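# Remarks on the overall topology
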Amino acid sequence: MIMAAVSFPLLGFHHRPSDFSFLQSLNPRRPFPVQLKPLQRHSFICNSWFGAKPAEPSSADINSATTTVTVDAAVSPDSTVFVIRARNKIGLLQVITRVFKLLGLHIDKATVEFEGDFFINKFYITDSHGQKIDDQENLDRITKALLEAIDSGGGWGTQTSVGPSTRGIVVRRAGLRSKPKAERMFTLMDRFLSNDPVSLQKDILDHVEYTVARSRFSFDDFEAYQALAHSVRDRLIERWHDTQQYFKRKDPKRLYFLSLEFLMGRSLSNSVINLGIRDQCADALSQLGFEYEVLAEQEGDAALGNGGLARLSACQMDSLATLDYPAWGYGLRYQYGLFRQVIMDGFQHEQPDYWLNFGNPWEIERVHVSYPVKFYGTVEEETLNGKIFKVWVPGETVEAVAYDNPIPGYGTRNTINLRLWAAKPDGQYDMESYNTGDYINAVVNRQRAETISSVLYPDDRSYQGKELRLKQHYFFVSASLQDIIRRFKDDHKNFEDFPEKVALQLNDTHPSLAVVEVMRVLVDEEHLGWDQAWNIVCKIFSFTTHTVLPEALEKIPVDLLGSLLPRHLQIIYDINFNFMEDLKKRIGLDFSRLSQMSIVDEDAVKSIRMANLSIVCSHTVNGVSRMHLELLKTRVFKNFYELWPHKFQYKTNGVTQRRWIVVSNPSLCGLISKWLGTEAWISDMDLLIGLREFAADVDLHQEWKMVKKVNKMRLAEYIEAMSGVKVSLDAMFDVQIKRIHEYKRQLLNILSIIHRYDCIKNMEKTQRRKVVPRVCIIGGKAAPGYEVAKKIIKLCHAVAEKINNDAEVGDLLKLGYYEHKSYEKPWKMHIDAMKIFVPDYNVSVAELVIPGADLSQHISTAGHEASGTGSMKFLMNGCLLLATEDGSTVEIIEEIRAENMFLFGAKVHEVPALREERIDRKAPHQFARVVRMVRDGYFGFKDYFKSLCDSIEGDGDFYLLGSDFASYLEAQGAADKAFVDQEKWTQMSILSTAGSGRFSSDRTIEDYAETTWGIEPCKCPSE
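To start, this report covers the structure provided alongside it. (Residues numbered from 1 in each chain as written. Predicted model: local features only at pLDDT ≥ 70, side-chain atom pairs only at ≥ 80, totals over all residues. Heavy atoms only, no water.)

## Things to note about the environment of Ile571
Note the following rule: Starting at the N terminus, helices and strands are each numbered in turn, a helix being any DSSP run of H or I of at least four residues and a strand any DSSP run of E of at least two. To sort residues, take the accessible area from a 1.4 Å probe on protein chains only and compare it with the maximum for the residue type: under 20% means buried, over 50% means exposed, and anything in between is partly exposed. Residue contacts follow a heavy-atom distance rule, with two residues in contact if any of their heavy atoms lie within 4.5 Å.
With respect to the element layout, Ile571 can be found in helix 18 (residues 566–587). You can call Ile571 buried: its relative accessible area is 1%. As a C-alpha pair, Ile571 and Arg520 span 51 residues in sequence and 7.4 Å in three-dimensional space. If near-sequence neighbours (up to four positions away) are discounted, Ile571 is found in contact with Val516, Met519, Arg520 and Trp530.

## Quick look at the nonpolar core
One recurring pattern in soluble globular proteins: nonpolar side chains tend to sit buried together. Using the following cut-off: What makes a nonpolar core is a set of buried Ala, Val, Leu, Ile, Met, Phe, Trp, Tyr and Cys residues whose side-chain atoms join them at distances within 4.5 Å.
Counting 118 residues, the largest nonpolar core has Trp421, Phe475 and Leu504 as the members making the most contacts within it. When residues of this core are assigned to their parent elements, the largest contribution, ten residues, is made by helix 13 (residues 463–491). Sequence-distant contacts of Phe475, defined by excluding residues within four places in its chain, comprise Leu332, Val373, Phe375, Val398, Glu399, Ala400, Trp421, Ala422, Ala423 and Ile452. Core analysis: the next-biggest nonpolar cluster, separate from the first, contains 58 residues, Met685, Ile737, Leu848 and Met901 among them.

## Notes on the sheet that holds strand 17 (residues 415–425)
Using the following cut-off: Here the rule is simple: two strands pair whenever DSSP picks up at least two bridges between them. In this description, a line fitted to the C-alpha atoms serves as the axis of each element, helices being fitted only across the stretch in contact, and the angle between N-to-C directions of two axes falls anywhere from 0 to 180 degrees.
Reading across the sheet, the nine strands line up as 13-16-17-10-7-18-19-23-24 and stay open at both edges, with mixed pairing between neighbours. Unpaired on one side and paired on the other, strand 13 (364–375) and strand 24 (648–650) mark the two borders of the sheet. Recorded for the sheet is a direction-independent mean angle of 25 degrees between the axes of neighbouring strands. Where strand 23 (residues 620–623) and strand 24 come together, three bridges link them in parallel fashion. By the bridge assignment for strand 24, Gly623 is matched with Tyr650. Across the face of the sheet, helix 13 comes into contact with strand 7 (254–258), strand 10 (327–332), strand 13, strand 16 (396–408), strand 17 and strand 18 (502–507) while running at roughly 115 degrees to strand 13. Helix 20 (residues 610–617) rests against strand 18, strand 19 (541–544) and strand 23 of the sheet, and its axis sits at about 140 degrees to strand 19.

## A look at the packing of helix 13 against helix 15 (residues 513–525)
Cut-off, in case you're wondering: Note on terminology: angles under 35 degrees are roughly parallel, angles over 145 are roughly antiparallel, angles of 65 to 115 are roughly perpendicular, and the others are oblique. By the definition used in this description, the sense in which the near helix is turned from the far one sets the handedness, with an anticlockwise turn below a right angle giving left-handed and a clockwise turn giving right-handed. Classification used: nonpolar for Ala, Val, Leu, Ile, Met, Phe, Trp, Tyr, Cys and Pro, charged for Asp, Glu, Lys and Arg, polar for all others including Gly.
Contact geometry of helix 13 with helix 15 gives a least axis separation of 9 Å together with a crossing angle of 50 degrees. Of the possible angle classes, the one that applies to helix 13 and helix 15 is oblique. Judged by the twist between their axes, the crossing of helix 13 over helix 15 is right-handed. Here helix 13 contributes Leu470, His473, Tyr474, Val477, Ser478, Leu481 and Ile485 to the contact with helix 15, which in turn contributes Leu513, Ala514, Glu517, Val518, Arg520 and Val521. Counted by class, the contact of helix 13 with helix 15 contains nine nonpolar, two polar and two charged residues.

## A closer look at the packing of aromatic side chains
Keep this limit in mind: Aromatic contacts are taken between Phe, Tyr and Trp rings whose centres are within 6.5 Å, Trp giving its six-membered ring; a plane angle under 30 degrees counts as stacked, one over 60 as edge-to-face, and the others as tilted. Cation placement over rings: the criterion is NZ of Lys or CZ of Arg within 6 Å of the ring centroid and within 35° of the ring normal.
Going through the model one piece at a time under the given rule, you end up with 33 aromatic pairs. Joined through ring pairs, the aromatic side chains of Tyr256, Trp328, Tyr330, Tyr371 and Trp421 make up one cluster. Seen from the ring of Trp644, Lys647 lies directly overhead, with NZ or CZ sitting 3.9 Å from the centre. Positioned above the aromatic ring of Phe339, the side-chain terminus of Lys781 is 5.2 Å from the ring centre.

## Thoughts on the pairing of strand 6 (residues 118–126)
Most of strand 6 is tucked away, with eight of its nine residues classed as buried. In this structure, strand 4 (residues 80–87) lies alongside strand 6, joined through eight bridges in antiparallel fashion. When the bridges of strand 6 are listed, Val83 appears paired with Lys122. Pairing of strand 5 (residues 106–115) with strand 6 involves nine bridges; the strand directions are antiparallel. Bridging across to strand 6, Glu113 finds its partner in Ile120.

## Some remarks on the sheet that holds strand 21 (residues 600–601)
Pairing within the open sheet is antiparallel, and its three strands lie in the order 20-22-21. Either end of the sheet is taken by a strand with one partner, and the two such strands are strand 20 (555–557) and strand 21. Its contacts with the sheet place helix 20 against strand 20 and strand 22 (607–609), and it is angled at close to 45 degrees to strand 22.

## Things to note about a negative patch on the surface
Rule in force here: Patch criteria: residues need more than 30% relative accessible area and no salt bridge. Like-charged residues are merged within 9 Å; nonpolar side chains of Val, Leu, Ile, Met, Phe, Trp and Tyr are merged within 5 Å. Areas reported here follow the Shrake-Rupley algorithm with a probe of radius 1.4 Å; residue values treat only the protein chains shown as occluding. The salt bridge definition used is simple: a Lys or Arg side-chain nitrogen within 4 Å of an Asp or Glu carboxyl oxygen. In summary, the charge assignment counts Lys and Arg as positive and Asp and Glu as negative, without counting His or the chain termini. The atoms used to mark charge sites are NZ of Lys, CZ of Arg, CG of Asp and CD of Glu.
Taken together, the side chains of Asp684, Asp686, Glu1006 and Glu1010 define an acidic patch exposed on the protein surface. If you trace the backbone, Glu1006 turns up in helix 37 (residues 1001–1013). You can call Glu1006 partly exposed: its relative accessible area is 39%.

## Topic: the pattern of salt bridges
In the structure shown here, the tally under the stated rule is 59 salt bridges. The salt bridge involving Arg487 is made with Asp483; its shortest N-O contact spans 2.9 Å. Taken as a pair, Arg487 and Asp483 lie in helix 13 at a separation of four residues, close to a single helical turn. When its relative accessible area of 10% is taken as the criterion, Arg487 is described as buried. Given the relative accessible area of 0%, Asp483 is considered buried.

## Let's talk about helix 13
Here is the rule we go by: Expected helix span is given by 1.5 Å per residue-to-residue step, counting one fewer step than there are residues.
Taking 1.5 Å of rise per residue, the 29 residues of helix 13 would be expected to cover 42 Å, and the 43 Å separating its terminal C-alpha atoms lies within 8% of that figure. Burial within helix 13 is extensive, with 22 of its 29 residues counted as buried.

## Structural notes on unusual backbone geometry
Of note in the backbone geometry, Asp251 takes a positive phi value of approximately 50 degrees without being a glycine. Unusually for a residue other than glycine, Leu960 sits at a positive phi of about 60 degrees. Residue Leu960 is classed as buried on the basis of its relative accessible area, which comes to 0%.

## Considering the environment of Gln464
Counting through the fold element by element, Gln464 comes out in helix 13. Placed 96 residues apart in sequence, Gln464 and Leu560 show a C-alpha to C-alpha distance of 10.0 Å.

## Focus: helix 6 (residues 221–250)
Helical geometry: 3.6 residues make up each α-helical turn, so side chains three or four residues apart lie on a common side. What counts here: Polar contacts, as used here, are pairs of N or O atoms within 3.5 Å; protein pairs need one atom able to donate a hydrogen and one able to accept it. Residues neighboring in sequence count only if both atoms are side-chain atoms.
Here helix 6 spans 43 Å end to end across 30 residues, near enough to the 44 Å set by a 1.5 Å rise per residue. Here helix 6 lies mainly inside the structure; 24 of its 30 residues are buried. For helix 6, the capping residue at the N-terminal end is Asp220, with a side-chain oxygen 3.2 Å from the backbone nitrogen of Phe222. Directly beyond the C-terminal end of helix 6, a positive phi value near 50 degrees is found at Asp251.

## So, the pairing of strand 16
A large share of strand 16 lies buried, amounting to twelve of its 13 residues. Judged from the nine bridges that link them, strand 13 and strand 16 form a sheet pairing that is antiparallel. Looking across to strand 16, one finds that Lys374 is bridged to Thr397. Sheet analysis places strand 16 next to strand 17, joined by eleven bridges and oriented antiparallel. Note that in strand 17 the partner of Tyr403 across the bridge is Leu420. Counting the residues in the hairpin turn of strand 16 and strand 17 gives six residues, including Gly411, whose phi is positive at 70 degrees.

So, in structure tokens, the structure goes:
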């Protein structure tokens, strides 16, 4: 063994934050010296092996090894020697030397000897007066402080973990194998990236040259965006690593949020706001000749979801990070995401959304994190220790590869993780095909595997489509649970501890197979008894449903499930048998109730009721608004509520103010902070109530109207850029943007436009001067197989074509639309004054439209909207709501009062009776007239719209458009009247924002954490 000396400055570092709370246990009254001698350069004596490396310690040795600290007072007459044996970890020397520094001790000399994965440190210590430390009590306290400091850093290294099948996460053991380089590595790795403009510029230019591979003297806006994104991501990764290491060290109970959809939108703006470096980035780019706003527009939307459920998941991830909860999100990395909507001749056409064509700089591909996911095959029996166990022999295996997306919190260092899975072919089988010359089969296998994560919501009208959806569900669940269980087993040996460390949240029924998969793993692979495994499962799952109609609940045909997942079908049958036997003891032989509550539906097509499965196996069932909970209790899950009333709760959905005010409406953000005198509302939305005392203030009115005008200008510029047409900023901007569906009643909106057009046609010229001008904006996508929704989109465009060519009406009423035109110009909009249909509506467009809206319509039939987070986004931005009393609107009324909204339509309790009466009830004259205009071909396409008209007349009017039409027109008239009085309108707008604090996703997450998940904040130290 040869000794090598290295000169090394001990304390000249910028440290990463460490937890030194243990120092509080030291007695501050003890006579420890508090002054440090001037630091000198000290000599480290490092042992370095030449020739063959020593053998690796076995896993047993690694697990049994512990950190030791001993004191040797006899080695040196002038100093006390502390001998520390600890596992080699990056930054550990800095932790040790910082302990000595904080205690006011001086290091005269230190030696380091490496022993496999461990090093033995000898530190020659004196007090600040240069005296040897002899007092035993002080020595004990120093020893305790060192041990606690070293143990608290135990999560810093990568842990070794290989599953039973030796597949899964590939191990990369931490530790510095090149011994002479260790100290230099410590110096380089224990630094944070600086956030000043100069440092950001250097990082951006480095990424231009080394990541984007462009000359730093010649690169365009998109390449600059790529470089900026990687520079910001570098800073996210720093925080992400520190957060995960801190979680591992503290070992709190963690939440795992399982959702098949995450509608994240753009990441750049949200990330720089949460990191607190938005202004620094803008300054750095400005000096390089770029505009931050221009670069931000280069980013595409990550369209990994559809509608409110997906955007809700994204908001909740933001809140989990901001509130410092230990959480992970799991989903699928769709190659194409939601389809791109194209309008040609007024008809919707779907095109693939190639959102990954130019890469995604925000994700981190974890090629070493890969798990096998099995399909098909047979179930066999195996005897082990005299007991019979089931063994699933798969017929097909694919690999799930992890892609990580850091999610930063606001005002905190905590950065949590969203892990998305991509499907890849099984490597071994793929190679066998190539080796045997079966290249075509190898390619087919690859395509079949990758199809699983290719498209969000494949059309399930065919058997193949249903099978692909089920494959997606199980692929996502299996990979996520393998990852979760692997992480648990890294630090725990007993599965009885699983409920104390793991909370699994099912976001609707898509991940419901997770229940069965955990049972399979515990019983078949971990060999737990059924009762023990079932007891664990019932403690870890909570279920949130977003459904309001029993007929909309998800079912999986038994034949399909048995073919694709044979072992899971067996487990479901066993769960259902036990549940039915227990239920018979509770309710007797009430076969009607037993049939309704059974997990297995015995109708013509035998199927599995996924919602029933989720309820039976979850400790909590959550609705997403107070009204929704009532619907669950009285209509959707009435029998289950009567059986387990304690399981049912509600958590009203919320949205994150960081995305929907701070990022999308910076002018309003600044104004709110000015009048409240603080920015604390960004993380505590209850403070917005303070705006109420200024609601009538003239000065605030002027500034509020100016902010709204600025946002309307942004939206008007967007319209002009897309179409070349200018719209009046004095007009009311009336918006309805959401998924196209019959119950959301975009058709009601269009029929009111026809009514207004008809009224204008019959007005005198003097009357027309009193018409309040409106710019109406509709946006949303129809599901590819939803023909009625597609006809609604077509009707919107047909009405527009008629109105826009009517010279008599002129600018009082124009209906705008986009139309796809060959290759000359992707989108062409025809509009004069009134209505705009926004194609391919997404999060980025919403961030532009919502701040510029004066009025927003949320007009679903009462009892059909579970919550409705869209209204919350508009509310936060001071937009007035025209709405029915449905979903979360009931709670919004409580916060801002009905006089500050425009309410109409039947109440939930009135809907059933109105449906019974609709056959005999005569529709209002105005409604019958506008429907007749469509039916008679006034707007063309008479035969095409016939079925649409049939669906809203007589007994076909299930969603009560005719019943609510007169009330709807009255609410529209009230909005016109209020808009004329701009002072009243502005006051209503201020009160809307002031009352929106209750609808922050922060409040939702805190409620879940306290009453459902049982998790607590775990804040990563900032210093």
